[in-house]
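Examination of the molecular architecture
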Protein chains: 2
Amino acid sequence: MAKKDQMIEKCDCDVIHDDIVEQVKEKMPEEELLYDLAELFKVFGDSTRIKILWALDTAEMCVCDIAYLLNMTQSAISHQLRVLKQAKLVKNRREGKVIFYSLDDEHIKQIFELGLVHISEEE
Amino acid sequence: MAKKDQMIEKCDCDVIHDDIVEQVKEKMPEEELLYDLAELFKVFGDSTRIKILWALDTAEMCVCDIAYLLNMTQSAISHQLRVLKQAKLVKNRREGKVIFYSLDDEHIKQIFELGLVHISEEE
DNA sequence: AATATATATGAACAATTATTCAATTAATCA
DNA sequence: TGATTAATTGAATAATTGTTCATATATATT
């Protein structure tokens, strides 16, 4: 954090690298898009949220049931559900006093599965 | 952090939810696996690392070129490359004074692409 | 050997974040 | 209306993390 706004000079380790840098620059998505992508993965980067998402992939659940399942306080779960909702990963509906949460994205499971492939490949 | 080891009681919002909790429990991967998955996504959850990975998807690059490309200090890049290497996402080879980094995983791009799909779908 | 360069590393600091605790809101039911 | 319950919210705290700065290591060159 607190990145200073400095100008990084080219190294002179090999002039040929100029080509590579230019080539990479062209193929890179926009700065903002990559930032958003990092924000999305940041949401996945917490085991409580991963568990919630994985649970909701099986069934719609209310807050207290998630709390019971994960053995955590309602408050903690509620805070995390808010993060997930802001990221448009879950949605909810009210039924009386109870609020049911469910997944709001098709790709979550696929992303998780790919992640698991990577993990299981580490020797 | 600092999660207290407390016992969360079942809510009595509806006794039927017992079934759901049991069903979800059965389908959930092991605690440890989900933890590792979160750790992986934590690595993706930083825009500097995302940029590095995206850059390396186009071409093998040395540390100073990455630093120049992203306009960040060599030190900052080096620290992040260490994180990426520990997560087995990049590998490196030395050529004289210069150390070249490249991707060490087939799935990174796929995971990123899926993430981008989610982002672009948000209305 | 001495110097220069590319990279790595460790400590420090600022910023971010996950959980807890206490209080509040919203709905139900007596 | 008052009591109960499910969920949300805000502040506080502890832990984690990304960058900087100074220093160390490794290779090449003179």
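Residues numbered from 1 in each chain as written. Chains lettered and ligands numbered in written order. Predicted model: local features only at pLDDT ≥ 70, side-chain atom pairs only at ≥ 80, totals over all residues. Heavy atoms only, no water.

1. With respect to unusual backbone geometry
Residues and elements named next belong to chain B.
- Of note, the phi angle at Asn71 is positive, near 55°, even though the residue is not glycine.
- On the secondary structure map, Asn71 appears in the loop between α4 (63-70) and α5 (74-86).
- A positive phi is found at Lys88, a non-glycine position, where the angle reads about 60°.
- The partly exposed category is assigned to Lys88, whose relative accessible area is 30%. (Helix = DSSP H or I, 4+ residues; strand = E, 2+ residues; numbered from the N terminus. Buried < 20%, exposed > 50% of the residue type's maximum accessible area, 1.4 Å probe, protein only.)

2. Things to note about the confidence of the model for chain A
- When the pLDDT values of chain A are averaged, the result is 92; 93% of them are 70 or greater.
- Within chain A, the lowest mean pLDDT, 90, falls on helix α1 (residues 17-27) of chain A, and the highest, 98, falls on helix α5 (residues 74-86) of chain A. (pLDDT = per-residue confidence, 0-100.)

3. Comments concerning the sheet that holds strand β1 (residues 61-62) of chain B
- Strand order across the open sheet formed by three strands is β1-β3-β2 (chain B), with antiparallel pairing between neighbours. Edge positions in the sheet fall to β1 and β2 (90-95) of chain B, since each has one partner strand and no second. (Pairing = 2+ DSSP bridges.)

4. Some points on the relation of the copies chain B and chain A
- Under the fitted operation, chain B is carried onto chain A by 0.0 Å of movement along the axis and a turn of 180°, and the coordinates agree to an RMSD of 0.0 Å. Here the two chains are linked by the operation of a two-fold rotation axis. (Least-squares fit on C-alpha atoms with pLDDT ≥ 70 in both.)

5. Things to note about the side chain of His118 of chain B
- Counting through the fold element by element, His118 of chain B comes out in helix α6 (residues 108-121).
- For His118 of chain B, the residues in contact, after removing those within four places along its chain, are Leu40, Ala87, Lys88, Leu89, Asp105 and His107 of chain A. (Contact = heavy atoms within 4.5 Å.)

6. Points about the interface of chain B and chain A
- Facing the 69 residues of chain B at the interface are 69 residues of chain A.
- For the pairing of chain B and chain A, the buried interface totals around 6400 Å² over both sides, and the portion due to carbon and sulfur atoms is 73%.
- At the surface where chain B touches chain A, the tally comes to two salt bridges.
- Salt-bridge contacts for Lys51 of chain A lead to Glu31 of chain B; the nearest nitrogen and oxygen are separated by 2.8 Å.
- Remark: the boundary between chain B and chain A carries 10 residue pairs in polar contact (both at pLDDT 80 or more).
- Secondary structure elements with two or more residues in the side of chain B that touches chain A: α1 (17-27), α2 (31-44), α3 (47-58), β1, α4, β3 (98-103) and α6 of chain B.
- For the side of chain B that touches chain A, the leading source of residues is α2 of chain B, giving 11 residues.
- Looking at the side of chain B that touches chain A residue by residue, the classes come out as 39 nonpolar, 12 polar and 18 charged. (Buried area = accessible area lost by both parts, 1.4 Å probe. Salt bridge = Lys/Arg side-chain N within 4 Å of Asp/Glu carboxyl O. Polar contact = N/O pair within 3.5 Å; in protein donor to acceptor, adjacent residues only side chain to side chain. Nonpolar A, V, L, I, M, F, W, Y, C, P; charged D, E, K, R; others polar.)

7. So, the sheet that holds strand β2 (residues 90-95) of chain A
Residues and elements named next belong to chain A.
- With respect to topology, three strands assemble into an open sheet ordered β1-β3-β2, the strand pairing being antiparallel. Of all strands in the sheet, those with a lone pairing partner are β1 (61-62) and β2, marking the two edges.
- In this sheet, strand β3 (residues 98-103) lies alongside β1 in antiparallel orientation, the contact comprising two bridges. Bridge assignment links Cys62 to a residue of β3, and that residue is Phe100.
- Running over the sheet, helix α3 (residues 47-58) touches β1, β2 and β3 and is turned about 90° from β3. (Axes fitted to C-alpha atoms, helices over the stretch in contact; angles between N-to-C directions.)

8. Considerations on the nonpolar core
- Phe41 and Phe44 of chain A together with Phe41 and Phe44 of chain B are the most contacted members of the largest nonpolar core, which has 78 residues in total.
- Apart from residues no more than four positions distant in its own chain, Phe44 of chain B is found in contact with Ala38 and Phe41 of chain A together with Ile50, Leu53, Leu89, Ile108, Ile111 and Phe112 of chain B. (Core = buried A, V, L, I, M, F, W, Y, C linked by side-chain atoms within 4.5 Å.)

9. Remarks on α1 of chain B
- What α1 of chain B keeps buried is the set His17, Val21 and Val24 of chain B. Projected down its long axis, α1 of chain B shows its buried positions confined to an angular sector of 70°, all on one face. Residues Asp19, Glu26 and Lys27 of chain B are exposed on α1 of chain B and point more than 90 degrees away from its buried face.
- Contacts made by the buried residues of α1 of chain B are with α3, β1, α4 (63-70) and β3 of chain A. (Arc of directions from axis to C-beta.)

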